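As a plain string of letters, each chain reads:
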Amino acid sequence: MNDTFLKACRGEKTDYTPIWMMRQAGRYLPEYQKIRGKVSFLELCKNPELCVEVTLQPIDRLNMDAAILFSDILIPMQAMGATLEFHEGKGPIFPQTVRSKKELDKLSVPDPIEKTGFVMETIRLLRKELKVPLIGFAGAPFTCATYLIEGGSSKVFWETKKMMYTNPALFHELMEKITKTTSRYLLAQAEAGAQALQLFDSWAGILAPGDFEEFALPYATKILTELRQTGVPLIYFANNGATLLDLSVTTGADVIGLDWRINIGDAIRRVGKKAVQGNIDPFALLLPKEALRQRIKRLLADAEGAHGHIFNLGHGIHQFTPPDQAKFAVDCVHELSSRQS
Ligand code: CP3
């Protein structure tokens with residue numbers, strides 16, 4: 001087993017810098033498109049054999065150092081009783097929003113085995129196939145809450161902030177429920193065989209630091225504290241989180257995920273003795289090859305002082321990325337970071 005990724009998470013010395021890419025299984029791969037041509041996104045998420053197949057696609061084609069379970073952060077929200085739909089080209093939609101006590105009371109804290117057994121089955125099947133570590137994941141409570149409150153993706157988060165400021169008690173109650181669900185869900189993933197766990201806080205960056213501290217951070221911290229017992233490395237990624245970095249460190253995560261808006265060297269100086277994951281702009285994969293190579297070289301040099309560095313994009317890979325460019329980036333990271341010779 002190639003455990004370079006796990007070593008880097010723990011801040012141990014590695015022969016080279018490991019790499020994986022957020023959203024590495026997805027629409028930029030023709031072999032993914034082929035499967036999606038036959039089943040809907042939600043059908044795919046609930047079919048363990050197909051989930052295994054698409055999880056393995058980027059490992060086989062791109063030589064990644066870690067696999068990430070194929071699923072979606074909104075699957076446990078559906079398990080709580082929320083109606084989830086994916087509309088082609090529009091992303092996720094919750095037709096029944098959660099904006100009142102009555103709507104919140106309709107949601108439950110589900111048993112992860114009973115309601116999301118297909119995820120645990122995918123993990124068990126993957127562990128038999130994989131020669132690199134498997135990352136399990138969930139959305140952080142704040143990010144999940146925005147989808148339930150807004151009814152889908154949003155740009156201004158009007159309803160979320162309205163609830164935070166005008167009915168904080170309801171907001172906190174919703175966060176509590178999502179937090180319990182997520183803790184149980186991730187504990188079950190570790191039990192099924194996930195070897196690292198990542199919390200995606202994609203929308204944390206819309207919050208002022210004080211609001212992040214009051215409305216989001218305590219819940220992410222609670223989950224990561226609970227997950228300590230699993231013994232697996234824990235990763236916290238707050239997108240657009242450069243201004244929240246000092247607070248993010250207090251979650252207790254072993255690895256801090258970084259988006260591309262901050263210089264990785266500056267981030268390393270701020271996170272102290274923690275590993276970092278990131279942080280090239282996903283669009284940099286469109287650069288001409290030599291320019292991309294130079295950029296990777298610079299990033300690796302900037303990350304030299306890290307207590308563990310996992311190379312990644314600063315957010316998910318864009319759907320129009322040519323797969324050969326992604327492969328070129330992986331090869332560059334492996335070659336340029338090699339410490340064996
Ligand atoms: O990283 C991986 O390869 C694992 C799979 C994964 C998916 N979603 C598959 C997916 C992971 C880790 C996620 C996380 C996720 N899902 C996040 C957090 C990370 C981030 O990007 O900020 C969020 C916010 C979601 C919610 C979600 N799911 C959105 C907003 C969308 C629409 C995106 C789009 O580009 O239209 C999805 C759908 C989704 N999740 C797809 C994939 C491969 C595309 C579905 C398809 O049409 O095939």
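Report follows, based on the coordinates. (Residues numbered from 1 in each chain as written. Predicted model: local features only at pLDDT ≥ 70, side-chain atom pairs only at ≥ 80, totals over all residues. Heavy atoms only, no water.)

1. Re the site of the ligand
Point 1. Taken together, 24 residues are adjacent to the ligand, and Arg27, Tyr32, Asp72, Ser202 and His315 come closest.
Point 2. Between the ligand and Tyr32 there is a distance of 2.5 Å, counted from an oxygen atom to a side-chain nitrogen or oxygen.
Point 3. Within the side chain of Ser202, a nitrogen or oxygen atom sits 2.5 Å from an oxygen atom of the ligand.
Point 4. About the coverage of the ligand: the protein hides 88% of its 900 Å² of free accessible area. (Near = heavy atom within 4 Å. Polar contact = N/O pair within 3.5 Å; in protein donor to acceptor, adjacent residues only side chain to side chain. Areas by Shrake-Rupley, 256 points an atom, 1.4 Å probe, with all protein chains shown as cover.)

2. Comments concerning the nonpolar core
Point 1. Residues Phe5, Met21 and Tyr236 are the most contacted members of the largest nonpolar core, which totals 126 residues.
Point 2. If one sorts the elements of this core by residue count, helix α10 (residues 168-192) sits on top with 10 residues.
Point 3. Excluding residues within four positions of it along the chain, Phe5 makes contact with Pro18, Trp20, Asp65, Ala66, Pro133, Ile135, Ala196, Ile235, Gln277 and Ile310. (Core = buried A, V, L, I, M, F, W, Y, C linked by side-chain atoms within 4.5 Å. Buried < 20%, exposed > 50% of the residue type's maximum accessible area, 1.4 Å probe, protein only. Helix = DSSP H or I, 4+ residues; strand = E, 2+ residues; numbered from the N terminus. Contact = heavy atoms within 4.5 Å.)

3. Looking at empty space enclosed by the protein
Point 1. With the rule as written, the count across this model stands at 2 cavities of 30 Å³ or more.
Point 2. Of the voids in this model, the largest cavity is the one considered here, and its volume is about 70 Å³.
Point 3. Among the residues making up the lining of the largest cavity, the classes are represented as 7 nonpolar, 3 polar and 1 charged.
Point 4. Its volume calculated, the second largest cavity comes out at about 40 Å³.
Point 5. Pro76, Ala79, Pro110, Asp111, Pro112, Thr116, Thr181 and Tyr185 are the residues that line the second largest cavity.
Point 6. Elements represented by at least two residues in the lining of the second largest cavity include exactly α5 (75-79), α7 (112-129) and α10.
Point 7. Grouping the constituent residues of the lining of the second largest cavity by class yields 5 nonpolar, 2 polar and 1 charged. (1 Å grid on protein atoms, 1.4 Å probe; cavity = no way out; pocket = protein on both sides within 12 Å on 5 of 7 lines; lining within 4 Å. Points joined across faces, edges and corners; volume = space filled by probe spheres on them. Nonpolar A, V, L, I, M, F, W, Y, C, P; charged D, E, K, R; others polar.)

4. What about the packing of helix α4 (residues 48-62) against α7?
Point 1. At a minimum axis separation of 9 Å, α4 and α7 run at an interaxial angle of 50°. The angle between the axes of α4 and α7 places the two elements in the oblique class. In this structure, α4 meets α7 at a crossing whose hand is right-handed. Contacts from Pro48, Glu49, Cys51, Val52, Thr55 and Leu56 of α4 reach α7 at Phe118, Glu121, Thr122, Leu125, Leu126 and Glu129.
Point 2. Residue composition of the contact of α4 with α7, by class: 7 nonpolar, 2 polar and 3 charged. (Axes fitted to C-alpha atoms, helices over the stretch in contact; angles between N-to-C directions. Parallel < 35°, antiparallel > 145°, perpendicular 65-115°, else oblique. Left-handed = near helix turned anticlockwise from the far one by under 90°.)

5. Description of the side chain of Thr55
Point 1. Relative to the helices and strands, Thr55 is located in helix α4.
Point 2. Residue classification places Thr55 among the buried positions, given a relative accessible area of 1%.
Point 3. Beyond its immediate chain neighbours, meaning those up to four positions away, Thr55 contacts Ala67, Ile68, Leu69, Phe70 and Leu126.

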